[in-house]
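# What the coordinates show
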Amino acid sequence: MRAAAVIAVVSAALSPSTSYAFTSSTSTRKTSSTSLFIFGNDNSQQQSTANKGLTPLPKGISPFEKSLSKSIDIQATFRQYSKKAIDNAANDGVKLLEVEFPPLLGGEKSKSQFDDFDNIQELDRNKDWTMLLAPMFLGESSFQKGRTWLIFPDLKECELAKQEWLGQRYQEATFTTIEAVTNFVGQLGSSSSGANNNKNSNDGGREVVSYDAPWGSNLISGLSKILGGNDGDAGLLGDQSSLDALVEGENSPAKLWLVIQPGNGGPVEDWVNCEKMHNMQKDTTMVVINGALDKVRGGFYPAIFFPKLAATVDRFWKRFESVFYLKPFSDKGVYGWLYRVYPEPWQVVYESVKPGKDGNAE
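So, a few notes on the structure that sits alongside this text.

For the chain, the count of helices and strands is 13 helices and twelve strands. Looking at the chain residue by residue over its 362 residues, the buried ones come to 51%. Across the chain, the fraction of contacts at a sequence separation of at least 24, relative to all contacts at a separation of at least 6, is 68%. Here the chain displays about 16,800 Å² of accessible surface, and carbon together with sulfur accounts for 50% of that area.

Tallied over the full model, the rule gives 13 salt bridges. Among the ionic pairs, Arg297 bridges to Glu98, the shortest N-O distance being 3.1 Å. In this pair, Arg297 sits in helix 12 (residues 293-297) while Glu98 sits in strand 3 (residues 96-100), placing the two residues 199 residues apart along the sequence. In this structure Arg297 comes out as buried when scored by relative accessible area, which is 8%. Looking at Glu98, the relative accessible area reads 0%, which means it is buried.

Of all hydrophobic cores here, the largest spans 40 residues; its most connected members are Phe78, Val99 and Phe324. The element contributing the most residues to this core is helix 5 (residues 74-91), with six residues. Ignoring anything within four residues of it in the chain, the contact list for Phe78 reads Pro58, Ile61, Phe101, Pro102, Leu105, Trp129, Phe324 and Leu326. Grouped together as the second largest cluster of nonpolar side chains are 29 residues, Trp271, Val272, Val296 and Phe316 included.

Glancing now at the side chain of Thr130. By the secondary structure assignment, Thr130 is in helix 6 (residues 119-133). Exposure remark for Thr130: the relative accessible area of 0% places this residue in the buried category. Not counting chain neighbours up to four residues away, the residues in contact with Thr130 comprise Leu150, Leu258, Ile260 and Ile289.

This brings us to helix 13 (residues 307-315). Leu309, Thr312 and Val313 are the residues of helix 13 that are buried. All buried residues of helix 13 fall inside an arc of 115° around its axis, so they share one side. The exposed residues of helix 13 that point more than 90 degrees off its buried face are Pro307, Lys308 and Asp314. Contacts made by the buried residues of helix 13 are with helix 11 (269-280) and helix 12.

Right, let's talk about the pairing of strand 5 (residues 174-177) for a bit. Burial of strand 5 is two-sided: the residues Thr174 and Thr176 facing one way and the residues Phe175 and Thr177 facing the other way are all buried. Two elements, strand 4 (residues 148-152) and strand 5, share four bridges in a ladder whose sense is parallel. Looking at strand 5, one finds that Ile151 is bridged to Thr176.

On to the side chain of Lys127, then. Here Lys127 shows up in helix 6. The exposure class of Lys127 is buried, given its relative accessible area of 3%.

Before going further, it helps to spend a moment on the pairing of strand 10 (residues 321-331). The side chains of a regular strand alternate between the sheet's two faces. The sheet contact formed by strand 3 and strand 10 spans four bridges and is parallel. Its bridge partner lying in strand 10, Glu100 is registered against Tyr325. Between strand 10 and strand 11 (residues 334-341), which pair antiparallel and follow one another directly, the connecting turn spans two residues, one of which, Lys332, has a positive phi of 55°.

Counting through the fold element by element, Cys158 comes out in helix 7 (residues 155-164). On the accessibility criterion, Cys158 (0% relative accessible area) is buried. C-alpha of Cys158 to C-alpha of Ser242: the two residues are 84 residues apart in sequence and 6.6 Å apart in space. Not counting residues up to four positions away in its chain, the partners in contact with Cys158 are Phe152, Phe175, Thr176, Thr177, Ser242 and Leu243.

Calculation rules
Residues numbered from 1 in each chain as written. Predicted model: local features only at pLDDT ≥ 70, side-chain atom pairs only at ≥ 80, totals over all residues. Heavy atoms only, no water. Helix = DSSP H or I, 4+ residues; strand = E, 2+ residues; numbered from the N terminus. Buried < 20%, exposed > 50% of the residue type's maximum accessible area, 1.4 Å probe, protein only. Contact = heavy atoms within 4.5 Å. Areas by Shrake-Rupley, 256 points an atom, 1.4 Å probe, with all protein chains shown as cover. Salt bridge = Lys/Arg side-chain N within 4 Å of Asp/Glu carboxyl O. Core = buried A, V, L, I, M, F, W, Y, C linked by side-chain atoms within 4.5 Å. Arc of directions from axis to C-beta. Pairing = 2+ DSSP bridges.

See the structure below:
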């Protein structure tokens, strides 16, 4: 079930006497429901959810638990819950998965929704979070030998990740970008995708698609090649050698695509290209990590200015299943979380806490 349907009723759901039920948009899955919990401390909420067979909120995520947040690895818990949710969804045949969580919570530099941070900090944390998630799948042979793809939003992020994560367990994955994957699967084509919306040419019944480049990227790419001269690309957009080769029959088709923060803080074309990728290889599980899909599905980008993106919403982005979703909300002194771990029902968790002077709960 998608997060958008639940977000619409969060405010109303804060009434303890109100309950809601929603039918999943994917016909193969059961009816999902939204549960409301009110807690004043971790122990009461942990006990409440345990009694109902639901996954409790991770410890230390409250904005009023700053000391605790800085002393524990909250993101490791997020990865543990996400891995379990991804496995469950994949076993149910779900191919389009959303993982959404606050990437800056936990550790010495922990930041909540009330702190200042920028997109670069988010992107770095999402990159590192996914680098640690990918090896968790390597216990199964089908994810090995490069069949798990780390798909970065741009070449520079791919380059940084490959430089920073040198261990064999990390290098086992295939390092690539949205552009590289879109061009690769587009050239392979698909006679069975049925995705006529992205067609550029037709070769013997095989559909071929091409990468939608952000405005100005072709200019910078051309300049980089000119400056490189005989040595090739000058690397203005990143080091091309950081891209792993995509070879059909070896590391392709992939078993799992981990797409890291597409579109969010970057070009909207990322979201358009994700649909193209899926349409060419529908058997590959796509997991979008902190891609701000609520903005896409919620109409944040007006169709009159972003017609290509708008065209993807109903036919693609609204089909995503929110498998691990944790999003804070606050309004007029009310604090809480919208939370789900697939295949469990949604939880709307209201935090009844009086903040102390030190930023922790009294």
